[in-house]
Amino acid sequence: MSTLSTHILDVASGKPAQGVVVRLIRDGDLVASATTDAQGRIPAAAFGECEGGCYQLVAEIGDWFARHQRDTLYTQAQIDAVLSSKADEHYHLPFLIAPGGWSTYRGS
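To keep things clear, this report deals only with the structure shown in the data block. (Residues numbered from 1 in each chain as written. Predicted model: local features only at pLDDT ≥ 70, side-chain atom pairs only at ≥ 80, totals over all residues. Heavy atoms only, no water.)

A look at the overall build of the protein chain
- Within the protein chain, the secondary structure is distributed over 2 helices and 10 strands.
- Each helix and strand of the protein chain, placed in order from N terminus to C terminus, yields the pattern β-β-β-β-β-α-β-α-β-β-β-β.
- Principal-axis analysis of the C-alpha atoms gives the protein chain an extent of 40 × 25 × 20 Å.
- The buried share of the protein chain, reckoned over its 108 residues, is 41%.
- Within the protein chain, counting contacts between residues at least 6 apart in sequence, those at least 24 apart form 60% of the total.
- As displayed, the protein chain offers around 5700 Å² of accessible surface, 50% of which is attributable to carbon and sulfur atoms.
- Both charge centroids of the protein chain, one from 8 positive and one from 12 negative side chains, sit 6 Å from each other. (Helix = DSSP H or I, 4+ residues; strand = E, 2+ residues; numbered from the N terminus. Buried < 20%, exposed > 50% of the residue type's maximum accessible area, 1.4 Å probe, protein only. Contact = heavy atoms within 4.5 Å. Areas by Shrake-Rupley, 256 points an atom, 1.4 Å probe, with all protein chains shown as cover. Lys, Arg positive; Asp, Glu negative; His and termini not counted. Charge placed at Lys NZ, Arg CZ, Asp CG, Glu CD.)

A few points about the nonpolar core
- If you look at the biggest cluster of nonpolar residues, it comprises 25 residues, and the most contacted ones within it are Ile8, Val22, Phe47, Leu57, Ala59, Phe95 and Ile97.
- Taken together, the elements giving at least two residues each to this core come down to β1 (2-10), β3 (21-26), β4 (29-35), β6 (53-59), α2 (61-67), β7 (77-83) and β9 (95-98).
- Ignoring sequence-local partners within four residues, the contact set of Ile8 consists of Pro16, Ala17, Val20, Val22, Thr36, Gly40, Ala59, Phe95 and Ile97. (Core = buried A, V, L, I, M, F, W, Y, C linked by side-chain atoms within 4.5 Å.)

As for the environment of Gly14
- Following the sequence through the fold, Gly14 ends up in the loop between β1 and β2 (15-16).
- C-alpha of Gly14 to C-alpha of Asp37: the two residues are 23 residues apart in sequence and 16 Å apart in space.

Some remarks on the pairing of β4
- One ladder, built from 6 bridges, connects β3 with β4; its direction is antiparallel. Within β4, the position partnered with Arg26 by the bridge is Asp29. (Pairing = 2+ DSSP bridges.)

Remarks on the packing of aromatic side chains
- The tally for this structure, following the rule as stated, stands at 2 aromatic pairs.
- Ring geometry for Trp64 versus Phe65: centroids 5.1 Å apart, planes at 75°, classification edge-to-face.
- On the basis of relative accessibility, which here comes to 0%, the residue Phe65 falls in the buried class.
- Look at Phe95 and Trp102: their rings are 6.0 Å apart centre to centre, the planes differ by 50°, and that puts the pair in the tilted class.
- Residue classification places Phe95 among the buried residues on the basis of a relative accessible area of 0%.
- Accessibility expressed as a relative area gives 28% for Trp102, which makes it partly exposed. (Phe/Tyr/Trp six-rings, centres within 6.5 Å; stacked < 30°, edge-to-face > 60°.)

Details of the pattern of salt bridges
- The final tally for this structure, using the stated rule, is 5 salt bridges.
- Residue Asp10 pairs with Arg70 through a salt bridge whose shortest N-O separation is 2.5 Å. Pair noted here: Asp10 is in strand β1 and Arg70 is in the loop between α2 and β7, with a separation of 60 residues, a long-range link.
- The salt bridge involving Glu60 is made with Arg23; its shortest N-O contact spans 2.7 Å. With Glu60 in the loop between β6 and α2 and Arg23 in strand β3, this residue pair connects regions lying 37 residues apart in the sequence.
- A relative accessible area of 16% means that Glu60 is categorised as buried.
- In this structure, a network of salt bridges that share partners links the residues Arg26, Asp27 and Glu51. (Salt bridge = Lys/Arg side-chain N within 4 Å of Asp/Glu carboxyl O.)

Structure, rendered in structure tokens:
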């Protein structure tokens, strides 16, 4: 089984994005939902162990920007990823967000 963690950083301010709801979805079904902590992180324990397959991480960034009275073009940021069925594989998939865009990479 694999594990998955994430964090969200607002690159425009250089600060972590606390309070962003992130949903983990597999084959259209909600697997788990969690909210970023004060450091903008969601640990692997929040999502549990993941079987191999196609997943989506969906971050509700529009709500977060609205709470901070900032306009954004995007309501969500979504990472589509294929997780390996290899045992003990860990995926850290962070979001780098800004009002005009977002990106991701595989972290460690």
